[in-house]
Each structure stands twice: as structure tokens, then as C-alpha cells.
Amino acid sequence: MNPTTMPPLGLGTWELTGSTCVDAVAAGIEMGYRHIDTAQMYGNEADVGEGIARADIDRDQLWVTTKLDNHNHAPDKVIASTEDSLRHLGLDRVDLLLIHWPVELDELEETLEAMQELVDRDLVSNLGVSNFTSEQLRRAAEAARVVVDQVEYHALLDQSTLLEATRDMGITLTAYSPLARGKLLTDPVVTNVAGARSAHPAQIALRWLLDQDGVAVIPKASSKDHLRSNLDVLDMQPLSTNDRAALDDLPKDQRVIDPPFGPDWD
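Residues numbered from 1 in each chain as written. Predicted model: local features only at pLDDT ≥ 70, side-chain atom pairs only at ≥ 80, totals over all residues. Heavy atoms only, no water.

Some details on the overall build of the protein
Next up, step 1: In terms of regular secondary structure, the protein is built from 10 helices and eight strands.
Next up, step 2: Compactness check: the protein gives a C-alpha radius of gyration of 18 Å against a globular reference of 18 Å for 266 residues, within 12% of the reference.
Next up, step 3: Split into buried and exposed, the 266 residues of the protein put 57% on the buried side.
Next up, step 4: Within the protein, residue pairs in contact and separated by at least 24 positions form 77% of the contacts whose partners lie at least 6 positions apart.
Next up, step 5: As displayed, the protein offers around 11,400 Å² of accessible surface, 45% of which is attributable to carbon and sulfur atoms.
Next up, step 6: For the protein, the centre of its 22 positive side-chain charges and the centre of its 45 negative side-chain charges are spaced 5 Å apart. (Helix = DSSP H or I, 4+ residues; strand = E, 2+ residues; numbered from the N terminus. Rg over C-alpha atoms; globule rule 2.2 N^0.38 Å. Buried < 20%, exposed > 50% of the residue type's maximum accessible area, 1.4 Å probe, protein only. Contact = heavy atoms within 4.5 Å. Areas by Shrake-Rupley, 256 points an atom, 1.4 Å probe, with all protein chains shown as cover. Lys, Arg positive; Asp, Glu negative; His and termini not counted. Charge placed at Lys NZ, Arg CZ, Asp CG, Glu CD.)

Shown next as C-alpha cells:
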């Protein structure tokens, strides 16, 4: 796999732990997922690693992302915690290492410099950030080669300012919580489009994202039915102009992930 080519649809593992996480990762890889997303903060890197090992896939065929915990931004902690992540995952490298949240930004350049050291040691292939605003992203991109900003994005949240910035810089926006924590599954507009296409509402919400230039998506799923349904989105035709316009016209003011340490969003 080209180390700069991230599959556009991945498996998110936030809130998946134990055997549920192991089984989901193993089943997902066996179905065809080639992009797995985890984080130190999730407390499930060992479970993800067990799922990867169970699937018995060639390492070069799999893209694995993890993220630094908020307490691990100091250079020595960047190095030590990433080495711990690799041990938990049972891998000799990760394809993408992200700063999970824009905290302690007075150390941002030093954090990125330590992350680059991991790239130089072949323990990490690519660097990125998560939950960074457009202004924060530009600062990060001046200090290191950043390839991803992973943020909440779905048809109920406007990310046009950030999308303009990521596209200008050639950075991929990876959408987490792409179903708005389930809100889109019962939205009448989404369910109407899904019904007309004999599709699941989740598939419509995911296709809306994947139809956009420079956007990847990492929906969480644990059951085999949901894993398969989400993966099948890759084979769906793009939304029609009318269907896309219907989702475009939904209110775009519903942010579902907003912790107290989050930034002043775009």
C-alpha cells in the first residue's frame, strides 16, 4: 500500500472495547475494510491489535491510524506513548499518527517535531491532527507535513470553512460521527432518499460525505450487518443532484461532540 494513500472509508472504533472490538475489527478486515481507526484515549489499542492479528492480513494491505492522548504532547511522551501504542497494537509502525485534540498548543511545534522523529525512525508513516480548526491546521501545516484533519462532520454540521482550508492545503478531512450519533438515521429527508434508493439511511449519510472531494469517513460499527452495509457504500452510485441538494438543505448547526477542552470551532 502506498503510505500516503488512505482508504476513503474506514472502521471507527471509538467506544468499542473487549471482545466486541476484537470481533468487529477482525470481521471488518475479513469483509474488506482496509482502514482501521483507534486512539490512545479509546483504551482499545490492544483489542484492535488482536482483531488485526486474528484477521491474518498482510500488513502492507492495511492502514492503521492512532492518536496521541491529550496528556502525551510533550516530546518525550510523544515518543514513549507511541511506542506503547505499537506494542498494544502488535505492529511495527502505524500509517497515521494524529494529535487527538488541539490542547497545549504552546507546544505544538515541539509535539510535531517529536512526531516527525517517529517518522524518521519508520515507526510512523504519516502525520496529522484531529479536531483542529482551520487556523490551527494552518499553523500545524507550517511546522510539519500534515495529511489529515479528523473532525466531526455530517449532513447536520457545516464544515465549509474547514473544507476550504483542507482543500487549499491538499489535506484530507476525515469525518468522524458521520451519522450525527444516530440522528441522521431517523431524519425524514434522509429516510425518504434512502427509501427511494432501497438503501439504508446510514448509507445515504455516508455517500453524501464520500461524494465530496477530499473527504474520508470512519463510521463505527460492530455487528456484521452494519459493517457490511457501511462497506457497501463504496459500491453505491453517487447521490443524484436532487438527493444531494435535499441533504445540503438540512440544518447545519448540530454539533454532537463538543468537550470542554474543545477549540472555538470554525
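What about helix α9 (residues 224-231)?
Next up, step 1: Among all positions of α9, only Leu-227, Ser-229, Asn-230 and Leu-231 are buried.
Next up, step 2: The inward-facing, buried residues of α9 abut β1 (11-12), α1 (18-31) and α8 (201-210).

A short note on unusual backbone geometry
Of all residues except glycine, most have a negative phi; of all peptide bonds, most are trans.
Next up, step 1: Even without glycine at this site, Glu-104 takes up a positive phi of about 50°.
Next up, step 2: The residue Glu-104 is located in the loop between β4 (96-99) and α4 (108-120) in this model.
Next up, step 3: Of note in this structure, Arg-181 is not a glycine but carries a positive phi near 55°.
Next up, step 4: Within the fold, Arg-181 resides in the loop between β7 (172-176) and α7 (188-197).
Next up, step 5: Given the relative accessible area of 45%, Arg-181 is considered partly exposed.

A short note on the pairing of strand β5 (residues 127-130)
Next up, step 1: Judged by which residues are buried, β5 turns out to be covered on both faces: Leu-127 and Val-129 on one side and Gly-128 and Ser-130 on the other are all buried.
Next up, step 2: Of the strand pairs in this sheet, β4 and β5 are connected by three bridges, and their pairing is parallel. Opposite Ile-99, over in β5, you have Val-129 as the bridge partner.
Next up, step 3: You can see the chain leave β4, run along α4 and come back into β5, and the turn it takes is right-handed.
Next up, step 4: Here β5 runs beside strand β6 (residues 146-152); their pairing, made up of three bridges, is parallel. Bridged to Val-129 within β6 is Asp-149.
Next up, step 5: Between the parallel elements β5 and β6, the chain passes through helix α5 (residues 134-143) in a crossover that is right-handed. (Pairing = 2+ DSSP bridges. Right-handed = clockwise from strand over helix to strand, strands pointing away.)

Comments concerning the side chain of Thr-174
Next up, step 1: Relative to the helices and strands, Thr-174 is located in strand β7.
Next up, step 2: Take Thr-174: its relative accessible area is 1%, and that puts it in the buried class.
Next up, step 3: Setting aside residues up to four positions removed in sequence, Thr-174 forms contacts with Met-6, Val-148, Asp-149, Gln-150, Val-151, Ala-216 and Ile-218.

Overview of the packing of helix α2 (residues 45-55) against helix α3 (residues 75-89)
Next up, step 1: One can describe the packing of α2 onto α3 by two numbers: an axis separation of 7 Å at closest approach and a directional angle of 40°. With respect to each other, α2 and α3 are oriented oblique. The residues of α3 that touch α2, namely those facing Glu-45, Ala-46, Val-48 and Gly-49, are Ser-85, His-88 and Leu-89.
Next up, step 2: For the contact of α2 with α3, the residue count by class is three nonpolar, three polar and one charged. (Axes fitted to C-alpha atoms, helices over the stretch in contact; angles between N-to-C directions. Parallel < 35°, antiparallel > 145°, perpendicular 65-115°, else oblique. Nonpolar A, V, L, I, M, F, W, Y, C, P; charged D, E, K, R; others polar.)

Comments concerning a negative patch on the surface
Next up, step 1: Where like charges cluster on the molecular surface, the negative patch consists of Glu-104, Asp-106, Glu-110, Glu-113, Glu-117, Asp-120 and Asp-122.
Next up, step 2: Here Asp-122 lies in the loop between α4 and β5.
Next up, step 3: A residue is classified by how much of its surface remains accessible, and Asp-122, at 58% relative accessible area, is exposed. (Patch = residues over 30% accessible without salt bridge, like charges linked within 9 Å, V, L, I, M, F, W, Y side chains within 5 Å. Salt bridge = Lys/Arg side-chain N within 4 Å of Asp/Glu carboxyl O.)

Let's talk about the environment of Trp-101
Next up, step 1: Within the element layout of this structure, Trp-101 appears in the loop between β4 and α4.
Next up, step 2: Counting along the chain gives 161 residues from Trp-101 to Gly-262, while the straight-line C-alpha distance between them is 7.1 Å.

As for the environment of Glu-45
Next up, step 1: With respect to the helices and strands, Glu-45 occurs in helix α2.
Next up, step 2: Excluding residues that lie within four positions of it along the chain, Glu-45 makes contacts with Thr-38, Ala-39, Gln-40, Thr-66, Ser-85, His-88 and Leu-89.
Next up, step 3: Within the structure, the side chain of Glu-45 is placed 2.6 Å from the side chain of Thr-66, a separation counted as a polar contact. (Polar contact = N/O pair within 3.5 Å; in protein donor to acceptor, adjacent residues only side chain to side chain.)

Here we look at helix α10 (residues 241-248)
Helical geometry note: an α-helix holds 3.6 residues per turn, so side chains three or four residues apart project in the same direction.
Next up, step 1: Those residues of α10 not exposed but buried are Asp-243, Arg-244 and Leu-247. One face of α10 carries all of its buried residues, which in axial projection span an arc of 100°. Among the exposed residues of α10, those pointing more than 90 degrees away from its buried face are Thr-241 and Asn-242.
Next up, step 2: Residues of α10 that are buried in the fold lie against α7 and α8. (Arc of directions from axis to C-beta.)

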